[in-house]
Amino acid sequence: MLYLNHNKKIKDMNILQAMNGLSKPKRKRNNQQEIIDYLTNNNCKTEAEIQINIWGYYRGLSNEPNKKYADILRRALHSGKIKRVRIQIKSNGETRKYFRYYIGNLFGF
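Anyway, here's the lowdown on the structure attached to this text. Predicted, not measured: the structure shown is a model, and the values here were computed from it.

### Examining unusual backbone geometry
Glycine aside, negative phi is the norm for most residues, and most peptide bonds take the trans geometry.
Piece 1. One non-glycine residue with positive phi stands out, namely Cys 44, at about 65°.
Piece 2. Position of Cys 44 among the secondary structure elements: in the loop between α2 (32-41) and α3 (47-55).
Piece 3. A relative accessible area of 23% places Cys 44 in the partly exposed class.

As structure tokens, then:
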């Protein structure tokens, strides 16, 4: 226990640091639960759509690497919290393949 004025106990180190002006602002931590919450309301999204809408990260315009966001998504996938399906889309004579991420049963069976 830490004591303030020899009579008040301070249990949380963050309170003591804030009182002494040593407090650092807490960074927002990205996690799998954000993906699950997003996909619960917006099922069947691509990796890019998930990253843009949850974290505001756009791969083509950012100097920040994609690894952190991709790892969070893949950990959620490997743990079984989300699933993905490969979809081919034809547009203007070109065929593109996308992975769409979803929660639960995509086709309702």
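### Quick notes on the pairing of strand β3 (residues 83-91)
Piece 1. As paired strands, β3 and strand β4 (residues 94-102) are joined by nine bridges and run antiparallel to one another. Bridge pairing in β4 links Arg 84 to Tyr 101.

### A look at the nonpolar core
Piece 1. Counting residues in each nonpolar core, the largest one holds 15 residues, and the members touching the most others are Ile 35, Leu 39, Ile 50, Trp 55, Ile 82 and Tyr 101.
Piece 2. Those elements that provide at least two residues to this core are α2, α3 and α4 (67-78).
Piece 3. Looking at this core element by element, the count peaks at five residues for α4.
Piece 4. Beyond its immediate sequence surroundings of up to four residues, Ile 82 is in contact with Ile 35, Ile 36, Leu 39, Leu 73, Ala 76, Leu 77, Tyr 101, Tyr 102 and Ile 103.

### Here we look at the side chain of Arg 100
Piece 1. Looking at the secondary structure, you find Arg 100 in strand β4.
Piece 2. In this structure, Arg 100 is in contact with Cys 44, Lys 45, Thr 46, Glu 49, Lys 83, Arg 84, Val 85, Ile 87 and Ile 89, ignoring residues within four places of it in sequence.

Rules used in this analysis
- Residues numbered from 1 in each chain as written.
- Predicted model: local features only at pLDDT ≥ 70, side-chain atom pairs only at ≥ 80, totals over all residues.
- Heavy atoms only, no water.
- Helix = DSSP H or I, 4+ residues; strand = E, 2+ residues; numbered from the N terminus.
- Buried < 20%, exposed > 50% of the residue type's maximum accessible area, 1.4 Å probe, protein only.
- Pairing = 2+ DSSP bridges.
- Core = buried A, V, L, I, M, F, W, Y, C linked by side-chain atoms within 4.5 Å.
- Contact = heavy atoms within 4.5 Å.

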